[in-house]
Amino acid sequence: DAGITQSPRHKVTETGTPVTLRCHQTENHRYMYWYRQDPGHGLRLIHYSYGVKDTDKGEVSDGYSVSRSKTEDFLLTLESATSSQTSVYFCAISEPPGLAFGELFFGEGSRLTVL
Amino acid sequence: AQSVTQLDSQVPVFEEAPVELRCNYSSSVSVYLFWYVQYPNQGLQLLLKYLSGSTLVKGINGFEAEFNKSQTSFHLRKPSVHISDTAEYFCAVSVFNQAGTALIFGKGTTLSVSS
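The sections below set out a description of the structure shown in this document.

Calculation criteria
- By convention here, each chain's residues receive numbers from 1 onward along its written sequence.
- All chains are assigned letters beginning at A, and all ligands numbers beginning at 1, according to the order in which they are written.
- Where local features are concerned, this predicted model is filtered to residues with pLDDT of at least 70; where side-chain atom pairs are given and counted, the filter is 80 or more; whole-chain, interface and lining totals use all residues.
- Derived side-chain values reflect all non-hydrogen atoms in the structure, with water molecules and hydrogen atoms excluded from consideration.
- Only protein atoms enter the 1 Å grid used here, on which a cavity is any set of points holding a 1.4 Å probe that cannot leave and a pocket is any open set flanked by protein within 12 Å on both sides along at least five of seven lines; residues with an atom within 4 Å of a point are listed as lining.
- Grid points are joined across faces, edges and corners, and a volume is the space filled by probe spheres set on the points.
- Secondary structure elements are taken from DSSP: a helix is a run of H or I of four residues or more, a strand is a run of E of two residues or more, and numbering for both begins at the N terminus.
- Note on residue classes: Ala, Val, Leu, Ile, Met, Phe, Trp, Tyr, Cys and Pro are nonpolar, Asp, Glu, Lys and Arg are charged, and everything else, Gly too, is polar.
- It only takes one pair of heavy atoms within 4.5 Å for two residues to be counted as in contact.
- As used here, buried area is the combined drop in accessible area, with a 1.4 Å probe, of two parts when they are placed together.
- By convention in these notes, a salt bridge is any Lys or Arg side-chain nitrogen within 4 Å of a carboxyl oxygen on Asp or Glu.
- In this scheme, a residue with accessible area under 20% of its type's maximum is buried, one over 50% is exposed, and one in between is partly exposed, where area comes from a 1.4 Å probe on protein chains only.
- Here a polar contact is taken to be a pair of N or O atoms separated by no more than 3.5 Å, where protein atoms must pair a possible hydrogen donor with a possible acceptor and residues adjacent in sequence count only if both atoms sit in side chains.
- We call a pair of cysteine sulfur atoms a disulfide whenever their separation is within 2.5 Å.

**Looking at the layout of surface pockets**
Okay, step 1: Its boundaries defined by the atoms lining it, the largest pocket holds a volume of some 580 Å³.
Okay, step 2: Taken together, 30 residues form the lining of the largest pocket, with A:Q37, A:V88, A:R111, B:Q38 and B:E88 sitting closest to its centre.
Okay, step 3: The set of elements that each furnish at least two residues to the lining of the largest pocket consists of β4 (31–38), β9 (87–94) and β11 (110–114) of chain A together with β1 (3–6) and β10 (87–97) of chain B.
Okay, step 4: Its residues assigned to classes, the lining of the largest pocket shows eight nonpolar, 16 polar and six charged.

Next comes the structure, spelled out in structure tokens:
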């Protein structure tokens, strides 16, 4: 299994509070991604990173920010959580040439509930 | 812009029956297409991929998919399913831009295999 660790795995928080999810990899892969998974919507790309301090927005980036100060860590921050951000969040990593072949390796997910 | 449509949200079948999970894509350029599988409470893993060449691609666990450019489809098939194939299946397409590559996923198809 790819060395990807997401933390926390489960979190319950209240509307308006900040939340940070962490993705840590031990594979030294260049690309890292954050997706959210919701029933009826599948997986939607939030943000991704193609190197240290290099990030780009995905399909559903509003309300989220990311940071990558080290190759191994990719942080997803909800500045002020809303109930619509209740979801399961997946981190994924990839490295060329595997990336060109769609080979993403996924973490086990972080379930966030915003009350 | 590339997009993926999975035509069935749920597919119930009996064990040892054949199954087809349907996926159509939309793209004005050449595409790379993928199927991922997600078992309960786990992250996603790559099932198979089409990059170029033979339109019939084989993946893990006895699955195969056929790329049909004229119909813009990439349907997943298995001649005889097992209980253990119960999972959610996602079709995905690569998106290339200046920042790099990301995968866009369909909404998923839940395959339920019963005895």
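**A word on the interface of chain B and chain A**
Okay, step 1: Contacts between chain B and chain A engage 22 residues on the former and 23 residues on the latter.
Okay, step 2: A buried area of about 1800 Å², summed over both sides, lies between chain B and chain A, and 57% of it is on carbon and sulfur atoms.
Okay, step 3: The interface formed by chain B and chain A holds one salt bridge in total.
Okay, step 4: As a salt-bridge pair, B:K49 and A:E103 come within 2.7 Å of each other at their nearest N and O atoms.

**Remarks on the side chain of A:D38**
Residue and element names in this part refer to chain A.
Okay, step 1: Looking at where D38 falls in the secondary structure, it is placed in strand β4.
Okay, step 2: Look at D38 and you get buried, because its relative accessible area is 10%.
Okay, step 3: A polar contact of 2.9 Å, which involves the side chain of D38, links it to the side chain of R44.
Okay, step 4: In this structure D38 touches R44, T86 and S87, once residues within four positions along its chain are discounted.

**Some details on the state of the cysteines**
Residue and element names in this part refer to chain B.
Okay, step 1: Going through the model one piece at a time under the given rule, you end up with two disulfides over all chains.
Okay, step 2: Between the sulfur of C23 and that of C91 lies a disulfide, 2.0 Å long from S to S. The sign of the S-S torsion, about -70°, decides the handedness of the disulfide formed by C23 and C91: left-handed. Separated by 68 residues along the polypeptide, C23 in strand β4 (residues 23–26) and C91 in strand β10 bring together distant segments of the chain.
Okay, step 3: On the basis of relative accessibility, which here comes to 0%, the residue C23 falls in the buried class.

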